[in-house]
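Breakdown of the fold
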Amino acid sequence: MMATKVKEGWKNFGLLKGIGIPAPTGKHVVGCVDLMHKLEGDSDGLLVRLFYPAHPTVREGDEYPYARLTPNRMYTKGLLEFFTFKFPGALSFLLYYLTDARQPAFYGAPLYGSSRADSESALPKNATMKCPVVVYSHGLSGMRTSGTTVCCDLASHGYAVASVEHRDRSCSISLKRVQKPGAAEGELVDEWVGYLRPDSEKDSFFDPQCLEDVPLRHEQVKTRSFDVKQVLKLLDILNDGGTVHNMLDEDGFDFGMFKGCLDLDKAAVMGHSFGGSATVMALSEEPRLKCGIAMDSWMVPFPDEFVAELSIKQPLLFINSYDWQWKENVQKILRVKESFNQHGSEKSLVTINESNHFNQVDVFFLLSRSTTRYVDIPVSRIDPLIACKVNLELIHAFYQRHLLKDPGYEQNVPILDGGDGCSEHVIYGTNIEIT
């Protein structure tokens, strides 16, 4: 079975002195690139960050820089505004330039198997690979880089991951490119769209258990599911060698290198929090998705009557945190899980012991313990590296079984199924008292 060894962060993150994003555990160098492409039925242009296994000769100090975790200081400003900081403009300027957080992925690096004119190829002639694909959906206030640890790790194991930046106004801020007034056709300028703060949050911070905003959140989760389906269409275009126009005006990257290298017959979806409910929704609407992983799903966007209408035939794994879930939310997860079982596919719920909502994303690798209290983020009771290791082991084992169809994962796998050799950090079920 796959062993996942999570190491300390590979990069110092400036004045905040987080330990850094853990180095990916797979054998491949990781590359990434941003792409905004307008598809039919999409007025704003679909915005994704693509993570993929890069050419093995790419190294630090090469022409390809480590990717910025925050692509533009406006994203820092948006996050500060979401957490209701005063003077977010000045703070965002300082934080953006002083922290300089980076991903363990080389921006614009060539795909594994592509040619490199500047170096001796370490690959056999005509070496290529077919990458299974994963669509990643971020949580509330997130963006396309919010799942860096998971996305980079999957890419290091040979997956192509498309992390979508949703346009449902659940991002703290999101980038659009619009026609410049009075300019020639096709001359675009940036337009920033902020978080849509509902009335329930006017005088207080976001409450995940608030039911006042269910109609808004339900419309947003439907938009998110549509985005996931649009990402699959975009990946189809790349795999077919079709033409894409990157509205971000970034020249020099050859998207043609993805032709024939994406295995759309092995497509999965996953997400965190709001992205977890988007995962559930997308699986119910898109049969091309072979399976999904919902990390600490926020089920409030699903009204009670809607849960019974969901029909999912694909395998689905819920990975909950210990400290964030509550009775009504877990009841919806269990209703979904139990209704899915009639289709004969695996629907599992596990909980990472002593973890909280932010252990499955990058927060504790970027911020020190003393910093998190200023943004209303609870301190992690479990070592963040241990939580990360367990989360990745669950993800890889589930995809090995249901996406890659690895025969070695057909029988009992302790990390997924419990039994002898299972992790002491995994609860098979929930820690929440339901009855």
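Up top is the structure.
Attention now moves to the overall build of the protein chain. Each helix and strand in the protein chain was counted, giving 11 helices and 13 strands. When each of the 435 residues of the protein chain is scored for burial, the buried share is 59%. The long-range fraction of contacts in the protein chain, counting pairs at least 24 apart against all pairs at least 6 apart in sequence, stands at 73%. Split by element, the accessible area of the protein chain, about 18300 Å² in all, is 51% carbon and sulfur.

For the structure on display, the rule yields 2 cavities of 30 Å³ or more. Taken together, Thr149, Val150, Asn359, Gln360, Val361, Phe365, Cys388, Asn391 and Leu392 form the lining of the largest cavity. Among the elements of the structure, helix H3 (148-156) and helix H10 (384-402) are those that each provide at least two residues to the lining of the largest cavity. The element contributing the most residues to the lining of the largest cavity is H10, with 3 residues.

Enumeration according to the criterion identifies 12 aromatic pairs in this entry. Here the aromatic residues Tyr52, Phe253, Phe255 and Phe258 are joined through ring pairs into a cluster of three or more. Taking the ring centre of Phe274 as reference, the NZ or CZ of Arg224 above it sits at 4.2 Å.

Attention now goes to the nonpolar core. One finds Leu50, Phe258, Met270, Leu394 and Tyr399 to be the most contacted residues of the largest nonpolar core, which totals 119 residues. Take this core: its biggest share by element is 10 residues, from H10. For Leu50, the residues in contact, after removing those within four places along its chain, are Gly31, Cys32, Val33, Leu35, Val161, Ala162, Leu235, Leu238, Phe255 and Phe258. Ranked by size, the runner-up nonpolar core spans 9 residues in total, among them Met36, Leu47, Tyr75 and Leu188.

A word on helix H5 (residues 274-285). With 12 residues, H5 ought to run about 16 Å at 1.5 Å a step, and its terminal C-alpha atoms sit 17 Å apart, in line with that. Within H5, the full set of buried residues consists of Phe274, Gly275, Gly276, Ser277, Ala278, Thr279, Val280, Met281, Ala282 and Leu283.

Pairing in this open sheet of 11 strands is mixed, and the strands run S3-S4-S1-S2-S6-S5-S9-S10-S11-S12-S13 from one edge to the other. Strands with a single pairing partner mark the edges of an open sheet, and in this sheet they are strand S3 (66-68) and strand S13 (426-427). Examined bridge by bridge, strand S5 (residues 131-137) and strand S9 (residues 262-272) share 7 bridges and lie parallel to one another. When the bridges of S9 are listed, Cys131 appears paired with Leu262. Most of the contacts of H3 go to strand S2 (residues 46-53), to which it runs at about 45°, and overall it touches strand S1 (30-37), S2, strand S4 (102-107), S5, strand S6 (160-164) and S9. Docked against the sheet, helix H4 (residues 214-240) engages S1, S2, S5, S6, S9 and strand S10 (289-295), running at close to 150° with respect to S9.

Another point: the packing of H4 against H5. Between H4 and H5, the shortest axis-to-axis distance is 8 Å and the interhelical angle comes to 65°. When the axes of H4 and H5 are compared, the crossing they make is right-handed. Each of Arg217, Gln220, Val221, Lys222, Arg224, Ser225, Val228 and Lys229 in H4 lies in contact with H5, whose residues at this interface are Phe274, Gly275, Ser277, Ala278, Met281, Ala282 and Glu285. A class-by-class count of the residues in the contact of H4 with H5 yields 6 nonpolar, 4 polar and 5 charged.

Take the environment of Leu39 next. As for its position among the elements, Leu39 is in the loop between S1 and S2. Taking the C-alpha atoms as reference, Leu39 lies 9.5 Å from Val231; in sequence the two are 192 residues apart.

Next up on the list: the pairing of S9. Across the 11 residues that make up S9, a large majority, 9, are buried. As judged from the 6 bridges shared by S9 and S10, these two strands associate in the parallel manner. Note on S10: the bridge partner recorded for Val269 is Gly292. With H5 bridging S9 and the parallel S10, this β-α-β connection has right-handed handedness.

Describing two packed helices takes the angle between their axes plus the distance from one axis to the other. At a minimum axis distance of 11 Å, the contact between H3 and H10 shows a crossing angle of 45°. Judged by the inter-axis angle, H3 sits oblique to H10. When the axes of H3 and H10 are compared, the crossing they make is right-handed. For the pair H3 and H10, the contacting residues are Thr149, Val150, Asp153 and Leu154 in the first and Cys388, Asn391, Leu392, Ile395, His396 and Tyr399 in the second. A per-class count over the contact of H3 with H10 returns 6 nonpolar, 3 polar and 1 charged.

Let's shift gears to the environment of Leu366. Considering the arrangement of structural elements, one finds Leu366 in helix H8 (residues 363-366). Sequence-wise, Leu366 and Ala101 are 265 residues apart; in three dimensions their C-alpha atoms are separated by 7.7 Å.

Before going further, it helps to spend a moment on helix H1 (residues 73-82). Two residues of an α-helix separated by three or four positions point the same way, owing to the 3.6 residues in each turn. Regarding H1, the residues found buried are Tyr75, Thr76, Gly78, Leu80 and Phe82. Its side-chain oxygen placed 2.8 Å from the backbone nitrogen of Met74, Asn72 serves as the N-cap of H1.

With that settled, the discussion passes to the side chain of Ser200. In this fold, Ser200 is placed in the loop between strand S8 (188-194) and H4. A distance of 2.4 Å separates polar atoms of two side chains, one belonging to Ser200 and the other to Asp213. The residues touching Ser200, leaving out its near neighbours within four places in the chain, are Cys210, Glu212 and Asp213.

Here we come to the pattern of salt bridges. Any two side chains of opposite charge can pair if their charged atoms end up close together. In total, this model carries 17 salt bridges according to the counting rule given. In this structure, Glu165 and Arg144 form a salt bridge, with 2.9 Å as the shortest nitrogen-oxygen distance. A residue pair is termed long-range when its members are at least 10 positions apart, and Glu165 in the loop between S6 and strand S7 (173-179) and Arg144 in the loop between S5 and H3 qualify at 21 residues. Exposure remark for Arg144: the relative accessible area of 3% places this residue in the buried category. A salt bridge links Glu187 to Lys180; the nearest nitrogen and oxygen atoms lie 3.7 Å apart. One network of salt bridges, in which partners are shared, links Asp34, Arg49, Arg144 and Glu165.

Thresholds, definitions, all that
- Residues numbered from 1 in each chain as written.
- Predicted model: local features only at pLDDT ≥ 70, side-chain atom pairs only at ≥ 80, totals over all residues.
- Heavy atoms only, no water.
- Helix = DSSP H or I, 4+ residues; strand = E, 2+ residues; numbered from the N terminus.
- Buried < 20%, exposed > 50% of the residue type's maximum accessible area, 1.4 Å probe, protein only.
- Contact = heavy atoms within 4.5 Å.
- Areas by Shrake-Rupley, 256 points an atom, 1.4 Å probe, with all protein chains shown as cover.
- 1 Å grid on protein atoms, 1.4 Å probe; cavity = no way out; pocket = protein on both sides within 12 Å on 5 of 7 lines; lining within 4 Å.
- Points joined across faces, edges and corners; volume = space filled by probe spheres on them.
- Phe/Tyr/Trp six-rings, centres within 6.5 Å; stacked < 30°, edge-to-face > 60°.
- Lys NZ or Arg CZ within 6 Å of the ring centre and 35° of its normal.
- Core = buried A, V, L, I, M, F, W, Y, C linked by side-chain atoms within 4.5 Å.
- Expected span 1.5 Å × (residues − 1).
- Pairing = 2+ DSSP bridges.
- Axes fitted to C-alpha atoms, helices over the stretch in contact; angles between N-to-C directions.
- Left-handed = near helix turned anticlockwise from the far one by under 90°.
- Nonpolar A, V, L, I, M, F, W, Y, C, P; charged D, E, K, R; others polar.
- Right-handed = clockwise from strand over helix to strand, strands pointing away.
- Parallel < 35°, antiparallel > 145°, perpendicular 65-115°, else oblique.
- Polar contact = N/O pair within 3.5 Å; in protein donor to acceptor, adjacent residues only side chain to side chain.
- Salt bridge = Lys/Arg side-chain N within 4 Å of Asp/Glu carboxyl O.

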